[in-house]
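# Structural features, examined
Here's the letter readout for the chains.
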Amino acid sequence: MAVLNQHSWEKNDLSGQNLKSLPQDFVTHVSLCTSLDLQRNKLKHVIGISNFINLTELNLSRNKIIKFPLEMHNMHKLETLYMNQNKIRSIPEGIFPHLRNLKFLKLGTNRLAKLPSDINQCLSIIYLNLSKNHLQDIQPLVGLPKLEELWVERNQLSDLPAQLFRKDSCELTVFQAAGNPLKCPPEEVCAGGVMDIQSYFLQMEENPNTHTAWTVKVMFLGSSMAGKSTLCRSLREGKPVAVAVKDRTEGIDISQMYTKGVRFLFWDFAGQEEYYLTHHVFITPRALVILTIDLASIEDPHSFKDQLWFWINNIQLRVPDALVMLVGTHCDQCRDLDEVMAKKTYIEEKVKSMLEYRRMVLKQQKKNLEDNKDSSLYMDQMDELDCLLDYSLKVLDLVPLDCTRNEDIAKLRSHVLDCIQSENASLGFESILPRSYEEVEQAIPKLIAQEEIPKHGIILFEEIVDLISNHVTQSREHLNSILSVLLRYLHRIGTIIWYEDISALSDRVFIQPSFLISMFKSTVRNDLVQQLEGISRDLLMQEGALVKQKFTWLDDLRCRGMLHNAAMRILVRREVEKLVDDDDDDDLIREIVGTKREEGIILTLLQYFEVCLPTLVRNPMNPEAAEFIPGKKKWETAREAKRDPDGACLFPMYLKNNLIVDHKWGEDRQDDITVHVYFLPEIPHGFFHRIIIKTCSLYPTHWVGKEQCLLCCGNRLALVRQRNKDGDSFIEIRCRRPEKNEEFQQVWDLILAVMSKLFVLSRQWPGLTHQVHTPCPERGCPHYYTWKDWQDLHNTDFYSFVKEEKIVCQGGHTRRTELIFPKDK
């Protein structure tokens, strides 16, 4: 039996006490308490919990409970219940009808396969979280009259009950269901929220003649010159198509193919490294990944890592439950069939062993956390590892292919169709749609064919409503009410682009995504220096620039990773003018490209996707500030820094060295406050560049290098850099040790702000997990201090993170706590 902390006893807080059962003395002593915190223990049962009849709040999260406690039906006053992060497999009937005051219930991260049929008699419930279970049906939730917020992410749901969303009986305002193989309604509809789901079911009710759509996004990935474009175009045409080197993909090419009732959306991603930074924007779940490998060039482990493992790793980080089809190209350049088959076997065995090794590493990492003395303090991290282990990246056997042979192309087409049909249940390629969706979607290609939509495809929202209303049977009024839902759906499956959440672009719809991609690659490309060098004097004059300014632009790009906005406007304008009609209004070009006074569409998107960081202009004085009178009126700070449309943008991807950061920071010191954030299995490509942009946006005074950035907050500096030691990749955050005790909180505030940005960004890679260590500051000591779960702590709790005044590393070195962890002095 664990010895209870007296302070915890008095506060009714028994969290993190390693309890395996409820202490009987405690049950008797505090039977009148109204709240009880039992999280982060080792409870499998809670015998005696029914004695707490006056409880209104109970936290049993992060324990080992297998069955929902039957005796809880006596807790009639309970309003808030946390049961998340346990191992609950079932909930008995007859409990929830008695919990008539229960308003808040968390049951996420358990092993529930079904819900009790009487859960809808829990009539007061407002918030319910059932995410990360094994539910296939949520019909029992129909009839909860006050339910406002429902979370069912990462279950096994294919259909949702329409009655749950009926406007006349539904109070729902928040509904989250990502990570389910949904077909009715499709996940793309659910992602739009409750109103979109209600609109969907209303359409289904008004027109029961539904349409079953098979739409499959196919992403072609692989190294440069691996044959992706040749394969993509050959599959689309159904015959060999040769692609010249000069015509290889730059950025992303998008096309479609219809065959045997299935619509394929082909996304051909460029293989050059410079384009990787924008790939994550368009790599999405519920897709088939065709990963091409040049078999002729696979000769050694190094080429295997470059051509294959790099891509599988990045797919696993971004879409950890993807379906990956390996296609070996350039078979005609191998010596004979024996060489092809030997390489096929070698690649398949290497992939299998690498995936098994990754699972072994994750399991070992979890075991290391479980072996800690107070393992309950690491429950969130262990649950995160469990989630990664639940994912299953499916890599199919390699298909050798000679793209010059008709029969090989036909066989691959047939193989792709077979895979789609066999994997539909888990990936959800099939969608059930109202006829109105189909009607609107089919109207768009007609409008393009009839040239009612310009070939660049940029059109105002109101204009697209007018045009579509002329081609569908629905009234303009009815179309207005559903078009937003339809456009969101089309945006999520990738046939159009509508950035509804970017206020500057929300009134624009991009009917041709490929046009927008072309704009991206005018500035994000592997030959940007050559493109700048090729700017003619005539183009410079159109921008009001001199030839000598071009040399400044080139120098700033090479040395500082800075691309001047004027240069960007020239490059984008040159690309736009190739794609728009001669009679297009100049206003459109200015809108896309921007001017010296206003940002254009492209610069807005590059900043939105954190590809670049704009320069800022500060007003040192605020002429509208009130008079400053010491002790009576506060000093009003200068106006907030603003973006300068005529300035420049930092593109971290183009930086070549860390000289400026090294010069400003100087040498590392033994007594620096240092934190290491480790990422498993590795730091995603482009991740650190985006961290640079996120953190430098917080702190306008900064210095940036290829793998480092230095942030300035007041008189404090924080060095952030990407490192790799002994095969472990991590991001290091380092600050100088303060001279005064009262200054430690300022240092830790700065470190925690950077860590929070790291944590938020890492969520965009569902296959990524991380751990935080503070290395022992003793010279030569290899040991470190592991951080317990910290992500969900409120700011006020950070400084009670560790209560001890001093802590000891495994090597026996003692340090004041504030040198290792956040602690208020």
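Rules of the game
- Residues numbered from 1 in each chain as written.
- Predicted model: local features only at pLDDT ≥ 70, side-chain atom pairs only at ≥ 80, totals over all residues.
- Heavy atoms only, no water.
- Salt bridge = Lys/Arg side-chain N within 4 Å of Asp/Glu carboxyl O.
- Helix = DSSP H or I, 4+ residues; strand = E, 2+ residues; numbered from the N terminus.
- Buried < 20%, exposed > 50% of the residue type's maximum accessible area, 1.4 Å probe, protein only.
- Expected span 1.5 Å × (residues − 1).
- Phe/Tyr/Trp six-rings, centres within 6.5 Å; stacked < 30°, edge-to-face > 60°.
- Lys NZ or Arg CZ within 6 Å of the ring centre and 35° of its normal.
- Contact = heavy atoms within 4.5 Å.
- Pairing = 2+ DSSP bridges.
- Axes fitted to C-alpha atoms, helices over the stretch in contact; angles between N-to-C directions.
- pLDDT = per-residue confidence, 0-100.

## Topic: the pattern of salt bridges
Taken as a whole and assessed by the stated rule, the structure comprises 37 salt bridges. The residue Arg 508 makes a salt bridge to Glu 591 at a minimum N-O spacing of 2.3 Å. Taken as a pair, Arg 508 in strand 16 (residues 508-510) and Glu 591 in helix 19 (residues 586-593) lie far apart in primary sequence, 83 residues in all. On the basis of relative accessibility, which here comes to 14%, the residue Arg 508 falls in the buried class. Among the charged side chains, a network of salt bridges with common partners joins Asp 668, Asp 672, Arg 721, Arg 723, Glu 732, Arg 734 and Arg 736.

## Quick look at helix 23 (residues 744-762)
Side chains that are three or four residues apart share a direction in an α-helix, a result of its 3.6 residues per turn. For helix 23, built from 19 residues, the straight-helix expectation of 27 Å at 1.5 Å per residue is met to within 8% by its first-to-last C-alpha distance of 27 Å. Every buried residue of helix 23 is listed here: Phe 744, Val 747, Trp 748, Leu 750, Ile 751, Leu 752, Val 754, Met 755, Leu 758, Phe 759, Leu 761 and Ser 762.

## Observations regarding the packing of aromatic side chains
Between two aromatic rings, the relevant description is the distance of the centres plus the angle of the planes. Applying the stated criterion to the full structure yields 23 aromatic pairs. Aromatic side chains Tyr 608 and Phe 609 sit 5.1 Å apart centroid to centroid with 75° between the ring planes, which places their arrangement in the edge-to-face category. Given the relative accessible area of 12%, Phe 609 is considered buried. Aromatic side chains Phe 651 and Tyr 654 sit 5.8 Å apart centroid to centroid with 40° between the ring planes, which places their arrangement in the tilted category. Tyr 654 matches Phe 651 in its accessibility class, with the two residues each being buried. Through a chain of ring-to-ring contacts, the aromatic side chains of Phe 165, Phe 175, Tyr 200, Phe 201, Tyr 437 and Tyr 489 assemble into a single cluster. It is Arg 154 that lies over the ring of Tyr 391; its NZ or CZ is 4.2 Å from the centre. It is Arg 736 that lies over the ring of Trp 665; its NZ or CZ is 3.7 Å from the centre.

## Observations concerning the environment of Met 568
Relative to the helices and strands, Met 568 resides in helix 18 (residues 565-579). Spatially, the C-alpha atoms of Met 568 and Leu 532 are 9.1 Å apart, while their sequence positions differ by 36 residues. With near-sequence residues (within four places) excluded, Met 568 lies in contact with Thr 523, Leu 563, Leu 603, Leu 606, Cys 649 and Phe 651.

## Structural notes on the sheet that holds strand 5 (residues 127-129)
Read across the sheet, seven strands follow the order 1-2-3-4-5-6-7 without closing on themselves; strand pairing throughout is parallel. Edge positions in the sheet fall to strand 1 (35-37) and strand 7 (174-176), since each has one partner strand and no second. The average angle at which neighbouring strand axes cross in this sheet is 5°, direction not considered.

## Re the sheet that holds strand 25 (residues 716-725)
Across the sheet, which stays open at both edges, the seven strands sit in the order 23-24-25-26-22-27-28 with antiparallel pairing between neighbours. Among the strands making up the open sheet, the edge pair consists of strand 23 (702-704) and strand 28 (784-786). Each strand of the sheet is rotated relative to its neighbour by a mean of 20°, with strand direction disregarded. Bridge count between strand 22 (residues 673-680) and strand 27 (residues 769-775): five bridges; the pairing is antiparallel. Residue His 676 lies in a different strand from strand 27, and its bridge partner there is His 773.

## Observations concerning the confidence of the model for the protein chain
In this model, the protein chain carries a mean pLDDT of 84, and residues with pLDDT of at least 70 account for 88%. Confidence drops under a pLDDT of 50 for residues 617-623, and excluding neighbours within four residues, the segment shows 15 contacts in the predicted structure. A low-confidence stretch, residues 627-641 (pLDDT under 50), is modelled with 20 contacts involving residues beyond four sequence positions or located in other chains.

## Describing the environment of Gly 600
Looking at the secondary structure, you find Gly 600 in the loop between helix 19 and helix 20 (601-608). Residue classification places Gly 600 among the buried residues on the basis of a relative accessible area of 2%.

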